[in-house]
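Now for the letters of each chain:
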Amino acid sequence: MMKHMLSLYFVMGSVDCTKNPLVVLDEAIEGGITMFQFREKGKGALTGLEKYRLAEQLFERCRARNIPFIVNDDVDLALALQADGIHVGQEDEAAERVRDRIGNKYLGVSVHNLTEVKKALAAHADYVGLGPIFPTVSKDDAKQVCGLTMIEHIRAHEKHVPLVAIGGITEQTAEQVIKAGADGIAVISAICRAEHICEQTKRLYEIVMRTKQEG
Ligand code: TZP
Ligand code: MG
């Protein structure tokens, strides 16, 4: 179930969009995304009530189409909205504490190596997000790239962990990422910066699903 939901995980905030985020999300949903993360970060990001209002509207759209809605970082927002889950990084609120606060909502944790994967699993994370796999234009404070070899390394030691790969993944690299052992791809720019978002999303979905079936 989780491994299916991670297949095409769309991550987005208003800063990533060149047009109305609600329209971007509608088109991405139409194209076949399997999960959505609201990540309102970076220069010019909305805060306070504006952030809440946007989250509410994006959540409404996900709910209507049965797409799990995950909030990045902001546990209070996730709880206020009754979102489906929360995603935290290594520098955010500790995963154990987040797990205590959210009960059985989905918990995702950003990881960069096997040690962090094991820690995330000990905190009862539902999935881990590994990256950046490749150089990314979407995260200013991104750590060093970990490459496809880190996916293989983690998969060799943790055969069953639900793992989504993130960072610079495109139509050209999605297949290699799945073949290396990821259950899915998480993308920002591959969808947000596409000229035709729905068509681009369909292509990514098709590549991931075909490669997962072959595997
Ligand atoms: N975490 C690691 S890389 C990244 C995040 C949030 C950004 C991914 O964006 P893109 O545009 O798909 O490289
Ligand atoms: Mg974070």
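Calculation criteria
- Starting from 1, residues in each chain are numbered consecutively following that chain's sequence as written.
- Following the order in which they are written, the chains are lettered starting with A and the ligands numbered starting with 1.
- Only residues with pLDDT of at least 70 get local features here, since the model is predicted, and only at 80 or more are side-chain atom pairs given and counted; chain-wide, interface and lining totals rely on the full set of residues.
- Each side-chain value is derived from all of the structure's non-hydrogen atoms; neither hydrogens nor water enter the calculation.
- Think of it this way: one heavy atom of a residue within 4 Å of a molecule or strand is enough to make that residue near it.
- Here a polar contact is recorded for every N or O atom pair within 3.5 Å, except that within protein the pair must consist of a potential hydrogen donor and a potential acceptor, and residues adjacent in sequence are included only if both atoms are side-chain atoms.
- Throughout, the Shrake-Rupley method with a 1.4 Å probe supplies accessible areas, and for residues the shown protein chains are the sole cover considered.
- Polar here means any residue outside two lists: the nonpolar Ala, Val, Leu, Ile, Met, Phe, Trp, Tyr, Cys and Pro, and the charged Asp, Glu, Lys and Arg; Gly therefore counts as polar.
- Helix and strand assignments follow DSSP, with helices taken as H or I runs no shorter than four residues and strands as E runs no shorter than two, numbered in order from the N terminus.
- It only takes one pair of heavy atoms within 4.5 Å for two residues to be counted as in contact.
- Angular values range over 0 to 180 degrees, each being the angle between N-to-C directions of two axes fitted as lines to C-alpha atoms, with helices fitted over their stretch in contact.
- When an angle is under 35 degrees it counts as roughly parallel; over 145 it counts as roughly antiparallel; between 65 and 115 it counts as roughly perpendicular; any other value is oblique.
- For a crossing to be left-handed, the near helix must be turned anticlockwise from the far one by less than a right angle; the clockwise case is right-handed.

## Details of the site of ligand 1
(1) Moving on: Every residue near ligand 1 is listed here: R39, P132, T136, S138, K139, I166, G167, G168, V187, I188 and S189.
(2) Moving on: One of the side-chain N or O atoms of T136 is found 2.6 Å from an oxygen atom in ligand 1.
(3) Moving on: Here an oxygen atom of ligand 1 and a side-chain polar atom of S138 are 2.4 Å apart.
(4) Moving on: Protein contacts shield 93% of the accessible area of ligand 1, which totals 370 Å² for the unbound molecule.
(5) Moving on: Partitioning the shell around ligand 1 into residue classes produces 4 nonpolar, 5 polar and 2 charged.

## A closer look at the side chain of T211
(1) Moving on: Structurally, the position occupied by T211 is in helix α10 (residues 197-214).
(2) Moving on: At a separation of 2.6 Å, a polar atom in the side chain of T211 contacts the main-chain carbonyl oxygen of I207.
(3) Moving on: With near-sequence residues (within four places) excluded, T211 lies in contact with E175, I178 and K179.

## Observations regarding the packing of helix α2 (residues 21-31) against helix α3 (residues 48-64)
(1) Moving on: It is at 10 Å that the axes of α2 and α3 come closest, and there the two elements cross at 20°. Taken together, the axes of α2 and α3 are roughly parallel relative to one another. Taken as a pair, α2 and α3 cross one another with a handedness that is right-handed. Counted together, P21, L22, L25, D26 and I29 of α2 and L54, Q57, L58, R61 and C62 of α3 form the full contact between these two elements.
(2) Moving on: Here the contact of α2 with α3 is built from residues that sort into 7 nonpolar, 1 polar and 2 charged.

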